[in-house]
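# Fold and geometry: a report
In case you want the letters, here they are:
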Amino acid sequence: MNRTKISRIAFLLLCTILLQTGCEMGRSSFGTALPAEPLYLVTGGNFHHHNRNNALYIIDPANWQVVRRIRLPRKTFQPTIARDPSGRIWIGLGEDENLLVFSPTGRQLKKLKTCFSPISGTYFANGRAFVVCSLYGFTGQVDVFDLDTFELLKSIELVGVDPTKPDYLAIQGSGATNGKYVVVGGHMGDSTAPSYDGPLAIATIINSTTMEIEEQIILERTSLSDIFVHNDIFYIQNKNVNEYSGIEEEALLALQVPENIVTRYPLPHFAAEHGAITEQQLFSYHTTRNWSQEPYYALTQINLDTKEIESLAFGTREDRGDPERTIADISVMDMEIIKGKLILLTITPHGLTHFDPQTGKATQLLEIDNNSLDNEIVSTMLWASESE
């Protein structure tokens, strides 16, 4: 075999390797350069279309173009997304015992065997991944993996506060970590309790070093939505706030760990459904859960240092049909602050929308096939900021 043939064979082998790795050297398999700060978006669980549109999108926020779309298993239901300190993307699959780990460019690196239905969040602390599973709806479990070896270190069972009582614990897709502790949110049912006057949320506090449950705190009249961390304090959004509950001043809770002190703060609007956080500002998206109640949709901004609260925008049913889209026309599934702008993942319109709180107007940035985004699915997004 002469030198020319050897060179050609080596070149073909190199090309084959690059194609199989998805051109990992900063480029997607489509040959488009990966943005420095990509936006990752996951859609899944669309039963009407047999889950064929389940996908991981990689989006460039500089021009709002899709860089890459990676198919996810068709059985995916309510997928969740997380990004570890190395930039790898973790996606938990519902009604399954698998969690997929992708490289920043979207190449699948690992398929981890986990507890059933790992869709309640993955949180990273102390070189470990805490994967929260909702199991079959009335209990939960946290599988802890080593981030370097992917070895399963421990499984932590999540149950009600007192297993001898007729309680059940439904794990909700909310949680957070401040590095020292991981807080997992759930809903505990105990209608036999004498003081029962509404839903009972439960915050399970796990020590990230010992991997042990340190405390479980019951939060009365609370239904958890999102949990955020600021200055080591866990801020919990309460969506059990409506015109019937009579607890309008309890829409935001602050949990201080390990002191386990809970403080409730007033918000000017009802149920806090979604949120997004910057260094000190928490944006909260609200609905009234009752079409006869005004305002129908609302947005508030909370300064977590001073606790000053500002109502930025709101819309009513009468606002619908305005030629210029307002917050009243938007059905929000998730929120992110990207380069100082409030970006909404919306069903109406389908895709990504920029909302300007100062003008109250919304502008669609990227349309996504409405077979991927509809009322039957849960979608979420995550911005890979270089400042993280």
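Here goes a summary of the coordinates provided. What you see is a predicted model, and the numbers here were worked out from it, not measured in a lab. (Residues numbered from 1 in each chain as written. Predicted model: local features only at pLDDT ≥ 70, side-chain atom pairs only at ≥ 80, totals over all residues. Heavy atoms only, no water.)

Before going further, it helps to spend a moment on the packing of aromatic side chains. Scanning the entire structure with this criterion turns up two aromatic pairs. Plain terms: the ring middles of Trp90 and Phe124 are 5.4 Å apart, the flat faces sit at 65 degrees to each other, and that makes the pair edge-to-face. Placement of Trp90 in strand E5 (residues 89–92) and of Phe124 in strand E8 (residues 122–125) is noted, with a sequence separation of 34 residues between them. There is no split in this pair, since Trp90 and Phe124 are both buried. A connected cluster of aromatic rings, assembled from ring pairs, spans Trp90, Phe124 and Phe150. (Phe/Tyr/Trp six-rings, centres within 6.5 Å; stacked < 30°, edge-to-face > 60°. Helix = DSSP H or I, 4+ residues; strand = E, 2+ residues; numbered from the N terminus. Buried < 20%, exposed > 50% of the residue type's maximum accessible area, 1.4 Å probe, protein only.)

So, about the nonpolar core. Core analysis: the biggest nonpolar cluster contains 17 residues, and Phe130, Val142, Val182, Val184 and Ile206 have the highest contact counts within it. Secondary-structure elements contributing two or more residues to this core are E8, strand E9 (128–133), strand E10 (140–146), strand E11 (152–158), strand E12 (168–177), strand E13 (181–189) and strand E14 (200–207). Once you skip the residues sitting within four places of it in the chain, Val182 turns out to touch Tyr123, Ala125, Phe130, Ala176, Thr177, Thr204, Ile205 and Ile206. Counting 16 residues, the second-largest nonpolar core is a separate cluster that includes Tyr57, Ile338, Leu352 and Leu366. (Core = buried A, V, L, I, M, F, W, Y, C linked by side-chain atoms within 4.5 Å. Contact = heavy atoms within 4.5 Å.)

The subject of this paragraph is the pattern of salt bridges. Counted by the stated rule, this structure contains five salt bridges. For Asp232, the salt bridge goes to Lys180, with nearest N and O atoms at 3.1 Å. Residue Asp232 is located in the loop between strand E16 (224–230) and strand E17 (233–238), and its partner Lys180 is located in the loop between E12 and E13; the two are separated by 52 residues in the primary sequence. (Salt bridge = Lys/Arg side-chain N within 4 Å of Asp/Glu carboxyl O.)

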